[in-house]
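# Overview (structure and organization)
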Amino acid sequence: MKFWIITLTLLMAISFSMCACSHEYEEQEIKEEPTPTPEPDPNPSTGYGKILVAYFSCTNTTKEVAEEIADITSGNLFRIEPREAYTSADLDYNNDCRANREQNNPSSRPEIKGMPKNLEEYEVVFLGYPIWWGKAPRVIFTFLESSDFKGKTIIPFCTSHSSGIGSSYIELHYVAKYEVWKSGKRFGLRS
Ligand SMILES: Cc1cc2nc3c(=O)[nH]c(=O)nc-3n(C[C@H](O)[C@H](O)[C@H](O)COP(=O)(O)O)c2cc1C
């Protein structure tokens, strides 16, 4: 009889302590602060730093590509605008047009309206231009010489009827101050 009383008492004690434990556990669970759900970042980082997509475009082919790149990379767009806009006569490359004369003159540097604000904040610069006689238009040289791109990665891209990006950007290396220069890519019409 004594044995049964002791056994019963022990069992009650164990079950009481288990109840107490699970109650404590429940209380602890309730006390825990809920993890706040973070607000989505309106400018999510790509992991490559802040991105600028600077481009020159006369008939908007390069503009379309630049807009897509900016969309994919969450980059900021900047249109490189010559102080004197190119007319269709200026682009009439079958004749002695302004664009041809500039391309034939290595020291030509058509003036541009301005440079992007807060350029120092960007780590990556996509640089877009149309191919003019196998090269980057002289306006791109003006752009690169107008600022310091030290510490930045430059990724050129171009559009053309058929020419590849080829060596269009090689000359640009010599005029720009930059950290890393990627080989770049050519986009055809509607590619
Ligand atoms: C003066 C001039 C020279 C050009 N030279 C070439 C060339 O060498 N190779 C080529 O494939 N396209 C050439 N093109 C065509 C342009 O590269 C093509 O139309 C480009 O996509 C235009 O870009 P945009 O609309 O952004 O100005 C030339 C166009 C112009 C106006």
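Residues numbered from 1 in each chain as written. Predicted model: local features only at pLDDT ≥ 70, side-chain atom pairs only at ≥ 80, totals over all residues.

## Quick look at the overall build of the protein chain
Broken down by element type, the protein chain carries five helices and six strands. Ordered by position from the N terminus, the helices and strands of the protein chain form the series α-β-α-β-α-β-α-β-α-β-β. Put simply, the protein chain has 191 residues, and 25% of those count as buried. (Helix = DSSP H or I, 4+ residues; strand = E, 2+ residues; numbered from the N terminus. Buried ≥ 20, exposed ≤ 12 C-beta atoms within 10 Å, placed from the backbone.)

## Considerations on the site of the ligand
Among the 21 residues in the neighbourhood of the ligand, the closest are listed as S57, T59, T61, T62 and P130. Counting residues per element, the shell around the ligand draws most heavily on helix 2 (residues 61-73), at three residues. (Near = placed C-beta within 6 Å.)

## What about the environment of E145?
One can find E145 in helix 4 (residues 138-145). Look at E145 and you get partly exposed, because 13 C-beta atoms sit within 10 Å. The spacing of E145 and R109 is 36 residues in sequence and 9.4 Å in space, taken between C-alpha atoms. Those residues in contact with E145 that sit more than four places away from it in its chain are R109 and V175. (Contact = placed C-beta atoms within 7 Å.)

## Digging into the confidence of the model for the protein chain
Low pLDDT marks regions whose predicted coordinates should not be analysed in detail. Across the protein chain, pLDDT averages 84, with 76% of residues at or above 70. In the model, residues 7-27 has pLDDT below 50 throughout and makes zero contacts with residues more than four positions away in sequence or in other chains. (pLDDT = per-residue confidence, 0-100.)

## Concerning the environment of S88
Assignment of secondary structure puts S88 in the loop between strand 2 (76-79) and helix 3 (98-103). It is 9.0 Å that separates the C-alpha atoms of S88 and C58, two residues lying 30 residues apart in sequence.

## A short note on the environment of K135
Along the chain, the position of K135 falls in the loop between strand 3 (124-130) and helix 4. In the structure, K135 is positioned 28 residues away from S163 in sequence and 9.5 Å away in space, judged by C-alpha atoms. When residues no more than four places from it in sequence are discounted, the contact partners of K135 are Q103, S168 and E171.

## Digging into helix 2
The terminal C-alpha atoms of helix 2 lie 19 Å apart, and with 13 residues this matches the ideal 18 Å at 1.5 Å per residue to within 8%. Every buried residue belonging to helix 2 is among T62, V65, A66 and I69, and all of these are buried. Angularly, the buried residues of helix 2 cover 100° about the axis, an arc narrow enough to put them on a single face. For helix 2, the exposed residues lying more than 90 degrees away from the buried face are E68 and D71. Buried positions along helix 2 lie against strand 1 (51-55), strand 2, strand 3, strand 4 (149-159) and strand 6 (185-187). Within two residues after helix 2, S74 carries a phi angle of roughly 60°, on the positive side. (Expected span 1.5 Å × (residues − 1). Arc of directions from axis to C-beta.)

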